[in-house]
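# Secondary and tertiary structure notes
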Amino acid sequence: MRAAEIQSELTNVLVTEEQILAKLDEIAAQVAVDYEGKDLLLVGVLKGAVMVMADFSRALPVSAPMDWMAVSSYGAGTKSSGVVQIRKDLDTDLHDKHVLIVEDIIDSGLTLSWLLENFASRGAASIEVFALLRKPEAAKVVVDCKYVGFDIPNDFVVGYGLDYAENYRNLRDVAVLAPHVYS
Ligand code: 5GP
Ligand code: MG
Ligand code: MG
């Protein structure tokens, strides 16, 4: 897709790359304090969290191992189905680990609440969530999320890892996808 075409499919930029990076620095500093002396494991949820994980892990002043889980609840559309499938499981045994789940966005909350329940049975010492974005108005279940980057309106957004039908992940900012693209 070419630049002009991409521009016509976005309405407005919600969060700029600059704002994201500043926020990641802030949260990383907090996480470093909260997890001092603990065996921290970062778990990214593929594929949306790839950019957040890349920048967040480098903002951390400490080194922490990372692992990845791939789940799907969306398919190619813009609505959560609530049915979660594991596409790739973790490589790490969670026993005694302090797990921080790194997520791109909490929308309905269905995916994360399912993940939290799934992880709870694996013997982790603690499990917390960091989500870069959250849509409070879209919540169907309450998810206890310790670190949140930005609360945003209930629009479908793309960029910074977030896709629509696998496109737009490489946009540097988070922008609202024009409704004409998917309706
Ligand atoms: P939830 O289960 O909370 O409804 O969301 C599950 C996943 O759907 C999120 O982790 C994210 O990958 C995707 N998702 C939710 N809202 C949006 C959105 O506004 N834009 C994009 N591109 N993906 C979203
Ligand atoms: Mg996600
Ligand atoms: Mg997606």
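Parameters and conventions
Residues numbered from 1 in each chain as written. Chains lettered and ligands numbered in written order. Predicted model: local features only at pLDDT ≥ 70, side-chain atom pairs only at ≥ 80, totals over all residues. UniProt positions renumbered as here; feature names shortened; annotations may be inferred. Pairing = 2+ DSSP bridges. Helix = DSSP H or I, 4+ residues; strand = E, 2+ residues; numbered from the N terminus. Axes fitted to C-alpha atoms, helices over the stretch in contact; angles between N-to-C directions. Expected span 1.5 Å × (residues − 1). Buried ≥ 20, exposed ≤ 12 C-beta atoms within 10 Å, placed from the backbone. Arc of directions from axis to C-beta.

- Looking at an unreviewed UniProt entry, one finds the protein chain named Hypoxanthine phosphoribosyltransferase and attributed to Microbacterium aoyamense.
- Under the Subcellular location (unreviewed entry) heading, UniProt states for the protein chain: "Cytoplasm".
- Its UniProt record, at the heading Sequence similarities (unreviewed entry), says of the protein chain: "Belongs to the purine/pyrimidine phosphoribosyltransferase family."

### With respect to the sheet that holds strand S4 (residues 85-88)
- Strand order in the open sheet formed by six strands is S4-S3-S2-S5-S6-S7, with mixed pairing between adjacent strands. Both edges of this open sheet fall to S4 and strand S7 (147-151), since each of them pairs with a single strand only. Going from strand to strand, the sheet's axes swing by 30° on average, the running direction of each strand aside.
- Pairing of strand S2 (residues 40-46) with strand S3 (residues 66-72), which is carried by five bridges, proceeds in the parallel orientation. Pairing of Gly44 across the sheet is with Trp68, part of S3.

### Looking at helix H2 (residues 17-34)
- Here H2 contains 18 residues, and its C-alpha end-to-end distance of 25 Å stays within 8% of the 26 Å for a straight helix at 1.5 Å per residue.
- Those residues of H2 that sit buried are Ile20, Leu24, Ala28 and Val31. For H2, the angular spread of the buried residues around the axis is 70°, confining them to a single face. Away from its buried face by more than 90 degrees, H2 exposes Glu18, Ala22 and Val33.

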